[in-house]
Each structure stands twice: as C-alpha cells, then as structure tokens.
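Understanding the architecture of this molecule
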Amino acid sequence: MKSTIATIVDLLGGEARRNDLGPLIILRFGALLALVVALFSVLFHLVMAAEGQEHEWFTGVYWTLTTMSTLGYGDIVFQSTLGRAFSMLVLVTGVLLVLVVLPFGFIRLMIVWLEAQLRTRVDTRVPRHLKGHVIVSMYDDVADELVGRLAHAGVESVVIEADPVRAASMHADKVPVVRGELGMRATYENSAFGRAKLLLANASDVVNTNIVLTAREASERVPIVATATNPEGEAVLKLAGANQVVLTTRRLGRQLAIRVPVGPAKALTVGRYKGIAIAEFPIRDTRLGGLTLKEAAVRTHTGLTVFAIAKRGHLERGLPGTVLREDCIGLAAGSSEQVDALNRYLAEGASEGGRVVVIGGGRVGREVVRSLDARGASVGIVDRRPSLRDALVEIADEVTIGDMTDKRVIEQVGIRTASSLVLTTNDDATNIFLAVYCRKLNPDAIIVSRVTSPANVEAIHRAGADFAVSDSEIMIQSILAAVRGSQPMILGEGLDLFGAEVPRSLVGKPLSDSGILARTGLSVFAVEGKGTIEAHPRPGRILGKGEHILFVGTVSERDEFERVFG
Ligand code: ADP
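A brief look at the structure comes next. If you're wondering where the values come from, they're calculated on a predicted model, not measured in any experiment.

Cut-off values and rules
Residues numbered from 1 in each chain as written. Predicted model: local features only at pLDDT ≥ 70, side-chain atom pairs only at ≥ 80, totals over all residues. Heavy atoms only, no water. Near = heavy atom within 4 Å. Polar contact = N/O pair within 3.5 Å; in protein donor to acceptor, adjacent residues only side chain to side chain. Areas by Shrake-Rupley, 256 points an atom, 1.4 Å probe, with all protein chains shown as cover. 1 Å grid on protein atoms, 1.4 Å probe; cavity = no way out; pocket = protein on both sides within 12 Å on 5 of 7 lines; lining within 4 Å. Sits in = over half its atoms within 2 Å of the grid points. Axes fitted to C-alpha atoms, helices over the stretch in contact; angles between N-to-C directions. Helix = DSSP H or I, 4+ residues; strand = E, 2+ residues; numbered from the N terminus. Parallel < 35°, antiparallel > 145°, perpendicular 65-115°, else oblique. Contact = heavy atoms within 4.5 Å. Nonpolar A, V, L, I, M, F, W, Y, C, P; charged D, E, K, R; others polar. Patch = residues over 30% accessible without salt bridge, like charges linked within 9 Å, V, L, I, M, F, W, Y side chains within 5 Å. Salt bridge = Lys/Arg side-chain N within 4 Å of Asp/Glu carboxyl O. Buried < 20%, exposed > 50% of the residue type's maximum accessible area, 1.4 Å probe, protein only.

**Digging into the site of the ligand**
Neighbouring residues of the ligand: 16 residues in total, closest Arg363, Asp383, Arg385, Asp403 and Asn426. One of the backbone N or O atoms of Val364 is found 3.0 Å from an oxygen atom in the ligand. Measuring from a nitrogen atom of the ligand, one finds a backbone N or O atom of Arg384 at 3.3 Å. With the chains in place, 90% of the 570 Å² that the ligand exposes on its own is no longer accessible. Structurally, the ligand is housed in the largest pocket.

**A few points about the packing of helix α10 (residues 248-258) against helix α19 (residues 471-484)**
Orientation of α10 relative to α19, taken along the N-to-C sense of each, is 100°, at an axis distance of 9 Å. Comparing their axes, α19 and α10 come out roughly perpendicular. Of α19, the residues touching α10 (which contributes Thr248, Arg251, Leu252 and Gln255) are Asp471, Ile474, Met475 and Ser478. Partitioning the contact of α10 with α19 into residue classes produces three nonpolar, three polar and two charged.

**Examining a nonpolar patch on the surface**
A cluster of nonpolar side chains, contributed by Leu39, Val42, Leu43 and Leu46, occupies part of the molecular surface with about 370 Å² of accessible area. Within the fold, Leu39 resides in helix α2 (residues 22-51). Owing to a relative accessible area of 51%, Leu39 belongs among the exposed residues under this scheme.

**Quick notes on the pattern of salt bridges**
On inspection of all chains with the given rule, the structure shows 18 salt bridges. Among the ionic pairs, Arg149 bridges to Glu145, the shortest N-O distance being 3.1 Å. Of this pair, Arg149 and Glu145 are both found in helix α5 (residues 141-152), four residues apart, which corresponds to roughly one turn of the helix. Judged by relative accessible area, Glu145 falls into the partly exposed class, the value being 32%. With a shortest N-O distance of 2.6 Å, Arg259 and Glu280 are connected by a salt bridge. Here the residue Arg259 occupies a position in the loop between α10 and β7 (268-273), and Glu280 occupies one in strand β8 (residues 276-282), the gap between them amounting to 21 residues. Here the residues in one salt-bridge network are Glu145, Arg149 and Glu473, joined through shared partners.

Right under this line is the structure:
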C-alpha cells in the first residue's frame, strides 16, 4: 500500500513531474501550507475563546507557525485538554509537512530539473547526413556488442531509447542514441528509417510486433529484422511485416548440432566471405590426426588451404609445421568444390560417429535432438523436468529424467560410452560443471556447449568443451549477416571474420614480417587486391598499398590490430 507521505508527495509533485512543470511543485506546496496555517490560525482563536482567552489575529498565525516548526517558545499556551490536543495536532501536522514533505518535494523538484536538463542533452532526431545506418530498437548487452561490431565493419548505428535519463547515460557512454517512443511513427521518421540499411526489432515478441507495425507506416521498403523467442512470435512478426525473423533458440540448437560429428567425418561450410567458402573440419578420428600440415598435404589433395587450427576458442595459424592435433578443429578457405574434395578425402579411413547425449531438454536441447535425428544419429536426452518426458520421448531414442548434477544420473546416462555430448542447460555454472565432469569420465568425447553469458566462454573452454556458442553470438552474427547480405557465419563464440586495409606501416612488407599474428593473435586467411582475392597467401606475399587483409580472430584482437597498426 502506498504510504501517506508518498501519496502527499505524489499529489504535490507526481503530475507536475509527468507534465514537466517543476516549479508547480513549490507553488502547490506553498498553497497547501498557507491553507493549513490559515485553518489552524482560525481554530486557534476558537479554542482560545473556549478557554476564555483573547488574542489579536496576528498572534494566531505566529503561534501556528512556531508550533508547526517545532520551535514552540511557550509564551502562548493552552490550559484546557482540548487546547493541548489541538496543540498536538498542529505539531504533528507541522512535522509531517515541514520536516518530511518539504524535503521530499524539494528532492522531486531537483529530479524534475535534472530530467529537464538531460532531455535537452540527447537529440530526438538523427543528423541529416545519416544514411545506410542500422536502427536498434532496444539497448542491452547484445545491442552494445552489436553496435561495436557494426562500427568495426564501418556501419553506423543508432539506438532508440524513450527514457531521457537512460538516453543521457548512453550518450555519456558514447552509444549513438536517439530519444523516442517505440510505439510512435515519428520516432522512426526522426531516426531516418527511410534512409536506413535496416531496423532491428530486438525487444520482446509482443513489443517487436508493435515496432514492426509502427515502423512499416514510416517505410514499406527498408528491411526489418526481428528477434523472436518462440515459433508463434516468429509467425506473427512475419505477418506484421518483418523481412527476417531470428528465432535464436532454433538457430542456436542447429549451430550446436552441426558441430556434432555424425557418420564419417565431414567438413562444414560455416559461411562465405567475399566469395571464399570458409569450412571447419574435425581432426579427431580422421586420417589427418597427428600429422603436420605439410604431411597432411590437404592443399595438394583438395586445393583447399588450412589457414588455422582452433582449439577450444583459440586460433593457431596454419604453417607447414603446425601439427593437426586430435583435439583441434581445422579452418580452411577455398571454393565449394574444394570443400567437397576435402569431404571425400576425410571420409577415407574415418571412423563413424557413435551415440550422442544431449543434456537439457528445453527449446535449444530439443532443436539439437531434432537436427541430429534428421541426420540419422542415435540420440539420448536428459532433463530434470518430468513434465518434458512426453515431448522428449517423441523426438529422442533414449530419455532420462533426472538432475545431471546427481552422480547416479550421470552414470545412468552413459557418459563414458557417448561419442559426443551437447550441453544445453540455460545455466552456465551447470554447463561448466558438466564439461569438467564429462571430460574426466570421457576424455575422447566431443563436447559442445551453449553459454548464456559470453563472459563464461573462456571458462567453458577451459572446463573441456570443444565448441561453445551463446544466444547473443547467434543473434549478433545473424544481424551482421543481414547487414552484409550474406549467410550468418558462426566460427565459435567470439570468433569473427574481419577485413582491414593494409596499414601504412605494413605496405611493402612481406606477410611473414608483418607480425600480425604475433602481436594481435589474428590469423590472416586472405589478401584482397584490386578485383582479386588470394586465399591463404604465401608468407612471402608482399602487402600492397590499398589492398585489404582478411583475418579471423576475436573482437579484442581486432581492437589490438587497430591499436598496434592503426
Ligand atoms: P531454452 O528453452 O532456452 O533451451 P530452458 O531453460 O527451457 O531454456 O532449458 C534448459 C533445460 O535444461 C530445462 O528444461 C532444465 O530443466 C534443464 N536443466 C537445467 N539444469 C539441469 C540439470 N542440472 N540436469 C538436468 N536438466 C537440467
């Protein structure tokens, strides 16, 4: 229940704040105080008269004010019980109004004033010259990361924020922000939606529907990408006018599933960059395990160049002496035909993938099972919610209901005999615990894991997971792909492809002397000249002026590149 004081404060300032009329608070308070003092002064004379005392009118005001302010000189006093009760009433009212409500009112006035100041700090309109930008509807950690990555890709963005205080703090943090309500057409017009590259509706499914409908009033033409949490939301958003709907849980499930080997080892084209196919391939249980890149002769057999090997989120540049260790994943660049050739090459002498265990039967876990089932894998699933049993029995070969942190359940599920394990619980701590435990029980298994917070990526890799990806990475890659007009490319959590013009300090130098890998950790996979693109350039390749280097690495490595060579 709202307290009396809060109600009085609200009466004094609530509406004024909403209407942006700060000074009204003081006026209202002054009027209320004057009314109360006048009323008590009149009552003073009536009670005094009842006691047989008589005072001039000014004394009434003087007594009321000294009593209300708790000064109470004691020069004028009531003798009767009624008079004393009246004195107490005046005193309590005074304490309430002067000592409690006034400071509250003052603080509220300050807030109103501050808000008014902040309101003027953030514009409600983007600059006239802005075009080809990405409009982001809601600011959160994912949006923050996205804005940074878009900036690296040379794409400007602007985030819509209705709250002036939040908008001002975003502005102070150098986030490009425009103030506006998501449900108003003017917001999209003021954000230059008609000239934008795309609009991202990344709030809840319901709010996104409103965003899409409202923005469509401002422009029919500009693409809208919306995020959805369930398939029903996806259908509604498409109906409302979204060009693309990113159902994160489905994409995440599919990305995890494709990392699980089923049947003979296969290279997986994870994406294309400027016409070059980028493929990942497993090394474990293939003819390549333990060989150096030179011995493996992948280029001779397939034409494809292995530019890096990745072990649990870390890249190592592919040099002739690089050993293709069983616990690593190879990254290769070339044409689609060359990827097919690699598949044929890998299939010879490879062992078949065995049983897969999926831990966690939520939306992501079930999507993993469906994807693996479609590829003919034998899949077991575990979840602690008995209510999921029927849904899981329908899609998986074996279903276990139990908590995976329980030792007996871990034994029952058959972790030791599984060839791959997919961790899909929505709790990073549980996934990290399970990665450590499962790795201990089964050192040879492929462990693929979901992470909720990108901050836990290092930890899950250290715990023993071979591949990890988060909901936010899926979302970011999907949006970046929509901006580039390509398919999303998921190289593993945090890894991305970047392009940069050859920095002045490196012009005329051979790639091997550039120190890019040693100083930044980025792995170069191609050099793009005028109209030509050279996948996996030789170490002696001289870097020319105006050429572009294409590399794989993390965002912080890319930042390091700018710091070192910028
Ligand atoms: P999403 O739908 O995004 O996949 P959920 O939270 O619905 O996310 O799914 C996570 C699933 O993982 C839940 O069904 C939950 O019961 C299950 N889960 C979480 N922790 C454990 C655990 N320790 N053992 C077994 N199942 C677990």
